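Commentary on secondary and tertiary structure
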Amino acid sequence: MNYPIEILPNPAYKLIECELSDHFLIRFFNCNKPEEAIDENTGKLKIEHICSPREQIEDLSHSLLGVYKPEHIEISFTDLGKQKFLHYCNPNEDVQTPIFEDEYFFAKSRSFWCAPIAKLNNRQFEYSKSEQPMTATCMVVHTPMRWNYWHFSLRWKTNFGELSQLDERARKNVAKRIGQAARVAITHFAILGIPETPILSEECYIDNN
Amino acid sequence: MAQEKHYEDFISFMKNNSAKKTLAYGLDVEYSKQMRKGSSSTILRNTGETQSVIPKDSYSFSSFNSTRQFIQLEKSFRSQIDKNPGYFGDQSHYILQEKMKTSAELILSYCPENISLQITNEGSIFYTFTKKGYSIYIQHFLIDEYDDSDEAILSIFRGDDNLLNYGGNLSSVFSELSKFIVPNTYTVLEQV
């Protein structure tokens, strides 16, 4: 089984910083039946399928839908593969192709959801009326990894600057709000199914310098 | 011993809640006591509005739909707790259940069109419900307290527009919600 090399970093690639408002993020979750991921009462994505308890909701991994396709969500890594490939890297890194079975395999019991970047990127959650005012801003950031050039992260920034400067109670409150904002944003905007997405211009990811 | 612990937890929980606020709903012991005394008009004051009290006669139990929704929520909560026992630390199941009932009943007073409940690994309940074109998300933290009462965070959407985000204690969150939609069956009251 061949690894889809089109999703690997490439010496000709650069960091994607162009406008992506017509594009979508895609993220997998472990569930055989995608219809079970939608709450039957509200029609919204169940929050348990946004991220697992061991992951950090304030820094959520996705991929850019396009060259990275829904069938690629089945790629999963062995312990050896995780050591070699589950790291951030430069977009133009020269990466060896993962080896099937030794380093990666295909996990079949996965489904996925997509979310429009336009609805998430730079979306602010203002808690100005709260007893502890705060603004949390969602950012969609290109963060290539050795296994997937099209890896993006959903991150958050707040008006508090460095969280390490805050006392424990304040830091805990900020973390709670970010967690809530992340769940709300995704559950409100996520869709099951494959949306229509334009082809990303090569200018966005190929370095012509 | 387990039963005694549960009973002590129950008494502590009721005392804590009675000191702060009272839910005008048939399941609440304190309000029922006040009503039986027949002097509710001088005891209870509406927190969010300028009108005074809810007349005794208009007090009523939830409709069939709210009852059905409550049963579904309770069943869902119990099932999720059983699957994820570590999410709420060593908090007694009885206390968790009572706290869940508090927020669930408050939400059901708004007669939501649709509602769901999910627990999170932060020891909270994440409610999603819709009403009159609004999508409302309330996260009720069951194991942390904020100013000696349960903390909650509210977000309200209408279409793609995020109209409000608010964090505070449970009572203040529902006060903010009431500025958008009004509860149908009862209002959160504050003990004078």
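Below: a short report on this structure. (Residues numbered from 1 in each chain as written. Chains lettered and ligands numbered in written order. Predicted model: local features only at pLDDT ≥ 70, side-chain atom pairs only at ≥ 80, totals over all residues. Heavy atoms only, no water.)

1. Considering the overall build of chain B
A tally of regular secondary structure across chain B gives six helices and eight strands. Along chain B, helices and strands appear, N-terminal first, in the series α-β-α-α-β-α-α-β-β-β-β-β-α-β. The burial tally for chain B puts 52% of its 192 residues in the buried class. Taking the contacts inside chain B whose residues are at least 6 apart along the sequence as the reference set, 50% of them involve residues at least 24 apart. Counting only carbon and sulfur atoms, one obtains 51% of the accessible surface of chain B, whose full area is about 9,200 Å². (Helix = DSSP H or I, 4+ residues; strand = E, 2+ residues; numbered from the N terminus. Buried < 20%, exposed > 50% of the residue type's maximum accessible area, 1.4 Å probe, protein only. Contact = heavy atoms within 4.5 Å. Areas by Shrake-Rupley, 256 points an atom, 1.4 Å probe, with all protein chains shown as cover.)

2. Comments concerning the side chain of His140 of chain B
All names here are of chain B. One can find His140 in strand β5 (residues 134-146). A polar contact is formed between the side chain of His140 and the side chain of Ser103, at a distance of 2.8 Å. One polar contact links His140 to Asp150, side chain to side chain, over a distance of 2.9 Å. His140 has contacts with Lys99, Ser103, Gly123, Ser124, Ile125, Tyr127, Asp150, Glu151, Ala152 and Leu170, leaving out every residue within four places of it along the chain. (Polar contact = N/O pair within 3.5 Å; in protein donor to acceptor, adjacent residues only side chain to side chain.)

3. Describing the environment of Thr197 of chain A
All names here are of chain A. Locating Thr197 in the fold gives a position in the segment after α3 (168-189). Look at Thr197 and you get partly exposed, because its relative accessible area is 27%. Spatially, the C-alpha atom of Thr197 lies 27 Å from that of Lys157, the residues being 40 residues apart in sequence. In this structure Thr197 touches Asp22, His23, Phe24 and Leu65, once residues within four positions along its chain are discounted.

4. Notes on the state of the cysteines
Any covalent bond linking the sulfur atoms of two cysteines counts as a disulfide. All names here are of chain A. Counted by the stated rule, this structure contains one disulfide over all chains. Bridging Cys18 to Cys204, the disulfide has an S-S length of 2.3 Å. One disulfide, between Cys18 and Cys204, carries an S-S torsion of 120° and so falls in the right-handed class. With a gap of 186 residues between them, Cys18 in the segment before β1 (24-30) and Cys204 in the segment after α3 connect regions that are remote in the sequence. The exposure class assigned to Cys18 is partly exposed, which follows from its relative accessible area of 28%. For Cys204, a relative accessible area of 13% puts it in the buried group. (Disulfide = S-S within 2.5 Å.)

5. Brief notes about the nonpolar core
A general feature of soluble globular proteins is that nonpolar side chains tend to end up buried together. With 65 residues, the main nonpolar core has Ile16, Leu120, Phe125, Trp147, Trp150, Trp156 and Tyr205 of chain A as its most contacted residues. When residues no more than four places from it in sequence are discounted, the contact partners of Trp150 of chain A are Glu6, Ile7, Ile16, His62, Ser63, Leu64, Val67, Tyr68, Leu200 and Tyr205 of chain A. With 33 residues, the next largest nonpolar core counts Leu73, Leu106, Tyr127 and Val173 of chain B among its residues. (Core = buried A, V, L, I, M, F, W, Y, C linked by side-chain atoms within 4.5 Å.)

6. A closer look at the packing of helix α4 (residues 64-83) of chain B against helix α5 (residues 93-108) of chain B
For any two helices packed against each other, the geometry comes down to the angle between their axes and how far apart the axes lie. Residues and elements named next belong to chain B. Interhelical geometry of α4 versus α5 gives an angle of 145° and a closest axis separation of 10 Å. Crossing hand, α4 versus α5: right-handed. Touching Ser66, Gln69, Phe70, Leu73, Glu74, Phe77, Arg78, Ile81 and Asp82 of α4 are His93, Leu96, Gln97, Met100, Lys101, Ala104, Glu105 and Leu108, all from α5. Looking at side-chain class alone, the contact of α4 with α5 contains eight nonpolar, four polar and five charged residues. (Axes fitted to C-alpha atoms, helices over the stretch in contact; angles between N-to-C directions. Left-handed = near helix turned anticlockwise from the far one by under 90°. Nonpolar A, V, L, I, M, F, W, Y, C, P; charged D, E, K, R; others polar.)

7. A short note on the interface of chain A and chain B
Chain A puts 31 residues into the contact, and the matching count from chain B is 36 residues. Where chain A abuts chain B, roughly 2,800 Å² becomes buried across the two surfaces, and 48% of that area is made up of carbon and sulfur atoms. Three residues, Lys129, Glu131 and Lys176 of chain A, lead the burial of chain A against chain B; their summed loss comes to 21% of the area buried on that side. Connecting chain A to chain B are four salt bridges. In this structure, the salt-bridge partner of Lys176 of chain A is Glu151 of chain B, at a minimum N-O distance of 2.7 Å. For the interface between chain A and chain B, the tally reads eleven residue pairs in polar contact (both at pLDDT 80 or more). (Buried area = accessible area lost by both parts, 1.4 Å probe. Salt bridge = Lys/Arg side-chain N within 4 Å of Asp/Glu carboxyl O.)

8. Re the pairing of strand β7 (residues 135-142) of chain A
Residue and element names in this part refer to chain A. Looking at chain direction, strand β6 (residues 124-126) and β7 are connected through three bridges and run antiparallel. What sits directly across from Phe125, in β7, is Ala136. Note that β7 and strand β8 (residues 151-158) share seven bridges and pair antiparallel. Bridge pairing links Ala136 to Thr158 in β8. (Pairing = 2+ DSSP bridges.)

9. Considerations on the packing of aromatic side chains
With the rule as written, the count across this model stands at 20 aromatic pairs over all chains. Ring geometry for Phe125 of chain A against Trp156 of chain A: centres 5.8 Å apart, planes inclined by 65°, an arrangement best described as edge-to-face. Of this pair, Phe125 of chain A sits in strand β6 while Trp156 of chain A sits in strand β8, and the two are 31 residues apart along the sequence. A relative accessible area of 0% places Phe125 of chain A in the buried class. Since its relative accessible area comes to 11%, Trp156 of chain A is described here as buried. One aromatic cluster is present, formed by Phe125, Trp156 and Phe189 of chain A together with Phe126, Tyr137 and Phe157 of chain B through successive ring pairs. For the cation-ring pair, Arg110 of chain A lies above Phe28 of chain A, with the distance from its terminal atom to the ring centre recorded as 3.7 Å. (Phe/Tyr/Trp six-rings, centres within 6.5 Å; stacked < 30°, edge-to-face > 60°. Lys NZ or Arg CZ within 6 Å of the ring centre and 35° of its normal.)

10. Points about α5 of chain B
Residues and elements named next belong to chain B. For α5, with 16 residues, the first-to-last C-alpha span of 22 Å sits near the 22 Å given by 1.5 Å per residue. Among the 16 residues that make up α5, 13 are buried, leaving the element largely enclosed by the rest of the structure. Between the side-chain oxygen at the start of α5 and the backbone nitrogen of Tyr94 there is a gap of 3.1 Å, and the oxygen is on Ser92. (Expected span 1.5 Å × (residues − 1).)

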